[in-house]
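Architecture and fold: a report
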Amino acid sequence: ATLLGMIYQRVSAGGKRSSTVLFSEKAVIKRVGEAHCFMVQVCEMRSKQLLECHVRCYVYTRPWSAQDGPGTEPGFSTRAHDVGLHPLRLDDPDDSLGAMVLLALPTTIAHRIDRWSPLCGALLGGAASAGDGPKYASMLLGEPSPLIPPQRSSECDAGVRYGVACDVCGECFQRVEQLRRHVEYMALTGPDHDPHHAALLGRLPQEPTVDETRMKIQNFFETQYVEVVCVIDGIDPLTSCNVQARQSYTAEDIVWDASFADCVYEATLKDGKPGLCVDFSLFHDVKEN
């Protein structure tokens, strides 16, 4: 019985099983609409995919320093308290729904880099809202902080949470544009022409442009050592063992303004029926936009 148990434990170990979960060798940062997104690609190489798969992403940060430590690369800070570990909110798949993924075909994991994103320096005082000055910082809700659960701009875009508030009446809105219209109405065309709202006209926060956000992201990568870790968790359908696969990406592994090459094509399967196949020789290829 002991021998059978040892053999079963050896066969059912999840280490080898996780090697069939394939991550793209490169990550990409590209513009999607009016935002920048960090993206990686994952796929399952076996025909029997893992069950209940979900994905998580974290980012390790460490500042560069002019004071070199012994045995380290020039410019790297060795102060342990400077190391930060922060979760990344995922928009695709939606982490509020469990970030479930089906790995039968190549799947793109996307994190939107907004004013709450650690990749924009949100937790280092370099967020889009924090750098705009104290004159209207109080109107922005949910300021990035290590002690506050991370938020997403997509939740404001979908209307499921408030992003800004009026300093005069306290009314909350999802987007800055809605706040601007409210203040203009109360100050200019409202029944009372409220002078308190009129005083806010020159203090309203502004949504950062795509170029401004890009500059903040690039500045963050230049001043910090950044490593993004992607984790896939699932259950092996044969042994019911938990399986975890991980991949990390540093700044050298990130390609700007690129997309993953199309590696899925139509073909005739072994049973003679039409279907989709994956060309894994193209899985790691990226193409410039």
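Structural data are supplied above this passage.
These notes cover the structure that comes with them. As a convention, each chain's residues are numbered from 1 in the sequence order in which they are written. Residue-level local features of this predicted model are given only where pLDDT is at least 70; pairs of side-chain atoms are given and counted only at 80 or more, and the full residue set underlies all totals for whole chains, interfaces and linings. Excluding hydrogens and water, the side-chain figures rest on all heavy atoms present in the structure.

Focus: the packing of aromatic side chains
Centres within 6.5 Å are what make two rings of Phe, Tyr or Trp a pair, Trp counting through its six-membered ring; a difference in plane orientation under 30 degrees is then read as stacked, over 60 as edge-to-face, and the rest as tilted. Under the counting rule described, the total for this entry stands at two aromatic pairs. Judged by centre distance (6.2 Å) and plane angle (50°), the rings of Phe 280 and Phe 283 are tilted. To sit over a ring, a charge needs its Lys NZ or Arg CZ within 6 Å of the ring centre and within 35 degrees of the ring normal. In this structure, Arg 115 is placed above the aromatic ring of Trp 116, and the distance from its NZ or CZ to the ring centre is 4.0 Å.

A word on helix H4 (residues 176-189)
Put simply, DSSP marks the helices as runs of H or I at least four residues long and the strands as runs of E at least two long, and each gets a number from the N terminus on. Each helix should span, by expectation, one fewer than its residue count multiplied by 1.5 Å. Compared with an ideal rise of 1.5 Å per residue, which puts 14 residues at 20 Å, H4 spans 19 Å between its outermost C-alpha atoms and is within 8% of the ideal. For the exposure calls, accessible area comes from a 1.4 Å probe over protein chains only, and a residue counts as buried if that area is under 20% of its type's maximum, exposed if over 50%, partly exposed in between. Within the span of H4, buried status applies to Val 176, Leu 179, His 182, Val 183 and Ala 187. Buried residues of H4, viewed axially, fall in a sector of 125°; they line one side. Across H4 from its buried face, at more than 90 degrees, point the exposed residues Arg 181 and Thr 189. Our arc is simply the arc of the directions from the helix axis toward the C-beta atoms.

A short note on the pattern of salt bridges
By convention in these notes, a salt bridge is any Lys or Arg side-chain nitrogen within 4 Å of a carboxyl oxygen on Asp or Glu. Tallied over the entire structure, the rule returns 15 salt bridges. With a closest N to O distance of 3.3 Å, Asp 95 and Arg 152 form a salt bridge. Within this pair, whereas Asp 95 is found in the loop between strand S5 (84-87) and strand S6 (107-113), its partner Arg 152 is found in the loop between S6 and helix H3 (153-157), the two being separated by 57 residues in sequence. With a closest N to O distance of 3.8 Å, Arg 161 and Glu 155 form a salt bridge. Note on Arg 161: relative accessible area 17%, which makes it buried.

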